[in-house]
Amino acid sequence: MVTYYSITFAISLVLSLVYVQIWHKHFDVHFTLIFTFVPLANLGFLLGVLSVNLEEAIIANDIKYLGCFLMLFIMMSLLDRCNMELPKPVRVGFFFITCLVYGGVLTAGKLPYFYKTISFEMHDGVGVLVKEYGFLHTIFYVMVAVYFVISLSTLVYSFTKKKDVSNQVVILMAVPEVIAIIAYFGARLFPHNVEPLPVAYNFAQLFFLFIVKDMCLYDVSETHLDSINETGNSGFISFDFKDRYLGSNVAARKFFPELAEVKVGTPAEESPFLKEQALNRLQGFRENEENDTSFYSRNGHTYIFDVDYLYDGKKKRGLRIFVTDDTKNQEYIALINRFNTTLKEEVDEKTAHIAEMHDKLILSMATLVESRDNSTGGHIKRTSQGVRILVDEMMKRNKLHLTQEFRRAIIKAAPMHDLGKIAVDDAILRKPGRFEPWEYEQMKKHAAEGGRVIHQILEGTDDEYFRKIAENVANYHHERWDGSGYPEGLSGLAIPLEARIMAIADVYDALVSKRVYKESMSFEEADRIIMEGMGKHFDQRLEPYYVAARPKLEEYYRSLEG
């Protein structure tokens, strides 16, 4: 008998020592408690058979019944391994009931709650307690049964339903559970005075060793954390919510040797390095959690600082800075950026060249059209300059909120305003005198035709904004503010602004330039006609800009006379 209990105690002690050798900081605390309490419980069984009086037997019994906590610890470890959790009030309740039951055990011989009566006898040289059970002992059996039911239900559910638990682990956990059930509730099947529980405890230890051996492999978050920690590429610097330094890993101290000189518990503001590199980042994260990432360059290396909460389970206990040596990535990004910049410059150069060729082609078409018209030699060049002078005056005051993009587009579009004349018959276009009414009607079609031609030429261009401006200039530059113009008889603000500006430049040039059917008009006479047309032919809101531009217009046209 003594040999049996001595062997089971020795085995439990050896298995616990093995556990100590393979212990890992990420092991569930319940596993550690199991390997601590099993040798104690088995020691209680051994001391029981060695006891020679009631007092020694009761002490041995008190130690043996530490095993009632083992059932709780085993159940909690199973729940943890199966990624399941009981509500906190339930966990507290189970622990309270277990303590209550064990408290009853400790009252043996004093109070009749766990044992109504208890005495000591010697049977074949072995001390035996003779007990009459009280109500707490019944609660003890119920408690053990509940723990078994919860444990087995957890294992069955995990085996059949859960995908995040290894079936191999479930089977390993089920075996000691079944053995323990047999040991607890089938003790009468064993020889008299031989308790099966010590062997059951040994089996539980053995199977739990198999489980914990590979346990971290199934705990993905922990294994990856350890892998990151060991590679030396990622560092951790931890702080409590009062910005006191809690510690750092090897990688962080390798990156920043100053950390090795900082004592744990030191406020960050008292360390020059932490004050400069950590304190402002922690404060920025507290003010706005999106301010969690920043860069730091040092000794040819670039580090990423990522601030986040420091968790203890699900509870936030402080802040941590996750440091990654990102030098190679940054060098690669810089290389890509340089390549992209060079490529962009080359593409921009080619694009500009294509755009220049495109513009020259359109301008050549406009010049070609102009060469067919006896009355408009140099017209496109002069009107383009007139548009430039007018728009520049408008940009100075800019009450109409013009943009530089608008300025660029209308100046570029101005030479194209008469492009529609390409569709006008030569006999009409080159007529040396005034048009007959029907000829004028044919000539008027050049506006709409110009808009159509430009639309076709520029369709699909990347510069959609310019295409629209150019179409409007060609299509509507003969519209009048009072609605008497063509081709659509638009009036007022319905006429696009770019067409209203073009109209002034176009009419001004027609007035001060010599045509086959008329002499050039003086600047004063041309100015009088333009001013009279404000509010009728032209947008009166453009009058102050025209007035401001008039000196430059006259100067430009005088320069052409020389």
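See the structure shown above.
Attention here is on the structure that accompanies the text.

The rules behind these values
- Residues numbered from 1 in each chain as written.
- Predicted model: local features only at pLDDT ≥ 70, side-chain atom pairs only at ≥ 80, totals over all residues.
- Heavy atoms only, no water.
- Helix = DSSP H or I, 4+ residues; strand = E, 2+ residues; numbered from the N terminus.
- Buried < 20%, exposed > 50% of the residue type's maximum accessible area, 1.4 Å probe, protein only.
- Areas by Shrake-Rupley, 256 points an atom, 1.4 Å probe, with all protein chains shown as cover.
- Contact = heavy atoms within 4.5 Å.
- Expected span 1.5 Å × (residues − 1).
- Phe/Tyr/Trp six-rings, centres within 6.5 Å; stacked < 30°, edge-to-face > 60°.
- Lys NZ or Arg CZ within 6 Å of the ring centre and 35° of its normal.
- Pairing = 2+ DSSP bridges.
- Axes fitted to C-alpha atoms, helices over the stretch in contact; angles between N-to-C directions.
- Polar contact = N/O pair within 3.5 Å; in protein donor to acceptor, adjacent residues only side chain to side chain.
- Salt bridge = Lys/Arg side-chain N within 4 Å of Asp/Glu carboxyl O.

**Points about the overall build of the protein**
Looking only at helices and strands, the protein has 22 helices and seven strands in total. Each of the 562 residues in the protein was classed as buried or not, and the buried ones make up 45%. Roughly 30000 Å² of accessible area belongs to the protein as shown, and the carbon and sulfur atoms make up 59% of that amount.

**A look at the environment of Phe-35**
With respect to the element layout, Phe-35 can be found in helix 2 (residues 29-50). Between the C-alpha atom of Phe-35 and that of Leu-209, which follows or precedes it by 174 residues, the distance is 9.6 Å. Not counting residues up to four positions away in its chain, the partners in contact with Phe-35 are Leu-15, Ser-16, Tyr-19, Gln-205, Phe-208 and Leu-209.

**Regarding helix 14 (residues 379-397)**
With 19 residues, helix 14 ought to run about 27 Å at 1.5 Å a step, and its terminal C-alpha atoms sit 28 Å apart, in line with that. Just past helix 14, the residue Asn-398 takes up positive phi, approximately 55 degrees.

**Quick notes on the packing of aromatic side chains**
Applying the stated criterion to the full structure yields 33 aromatic pairs. Seen from their ring centres, Tyr-4 and Tyr-5 are 4.9 Å apart, and the 65 degrees between their planes marks the pair as edge-to-face. Of the residues examined, Tyr-4 reaches a relative accessible area of 22% and is grouped as partly exposed. A ring pair is formed by Phe-140 and Tyr-141, whose centres lie 5.6 Å apart and whose planes are at 55 degrees; its orientation type is tilted. The class for Tyr-141 is partly exposed, based on a relative accessible area of 33%. Lying over the aromatic face of Tyr-309, Lys-316 brings its terminal NZ or CZ to 4.0 Å of the ring centre. Here the guanidinium or amino end of Lys-412 rests over the ring plane of Phe-466, the centre of that ring lying 4.4 Å away.

**Digging into the sheet that holds strand 6 (residues 301-312)**
The strand order 4-3-7-6-5 describes an open sheet built from five strands, whose pairing is antiparallel. Among the strands making up the open sheet, the edge pair consists of strand 4 (245-248) and strand 5 (293-298). Adjacent strand axes in the sheet meet at a mean angle of 25 degrees when their direction is disregarded. Relative to strand 6, strand 5 runs antiparallel, the two sharing six bridges. Bridge pairing links Arg-298 to His-301 in strand 6. Docked against the sheet, helix 12 (residues 272-287) engages strand 3 (234-240), strand 4, strand 5, strand 6 and strand 7 (315-325), running at close to 55 degrees with respect to strand 6.

**Examining the pairing of strand 4**
Bridge count for strand 3 against strand 4 is three bridges, and the pairing is antiparallel. Each residue of the ladder has a partner; that of Ser-238, found in strand 4, is Gly-247.

**As for the environment of Arg-388**
By the secondary structure assignment, Arg-388 is in helix 14. Considered as a pair, Arg-388 and Ala-414 are 26 residues apart in the sequence and their alpha carbons are 9.0 Å apart. Residues in contact with Arg-388, not counting those within four places in the same chain, are Arg-407 and Ile-411.

**Considerations on the side chain of Asp-418**
Mapped onto the fold, Asp-418 is located in the loop between helix 15 (404-413) and helix 16 (426-429). Of note is the side chain of Asp-418, whose polar atom sits 3.2 Å from the side chain of His-446. Polar side-chain contacts of Asp-418 include one of 3.3 Å to the side chain of His-477.

**A short note on the side chain of His-417**
For His-417, the position within the fold is in the loop between helix 15 and helix 16. Among the polar contacts made by the side chain of His-417, one reaches the side chain of His-379 at a distance of 3.1 Å. At 2.7 Å, the side chain of His-417 forms a polar contact with the backbone oxygen of Ala-414. Beyond its immediate chain neighbours, meaning those up to four positions away, His-417 contacts His-379, Ile-380, Thr-383, Val-473, Ala-474, His-477, Met-502 and Asp-506.

**A short note on the pattern of salt bridges**
Applying the stated rule across the entire model yields 20 salt bridges. Close ionic contact of Asp-243 with Arg-286 constitutes a salt bridge, the shortest N to O distance being 2.8 Å. You can see Asp-243 sitting in the loop between strand 3 and strand 4 and its partner Arg-286 sitting in helix 12, a full 43 residues away along the chain. Of the charged contacts, one joins Lys-552 and Glu-393 as a salt bridge, the two residues approaching to 3.4 Å between their closest N and O atoms. Of the two residues, Lys-552 sits in helix 22 (residues 543-561) while Glu-393 sits in helix 14, which places them 159 residues apart along the sequence. Classification of Lys-552 by relative accessible area gives partly exposed; the value is 39%. Residue class for Glu-393 comes out buried when judged on its relative accessible area of 7%.

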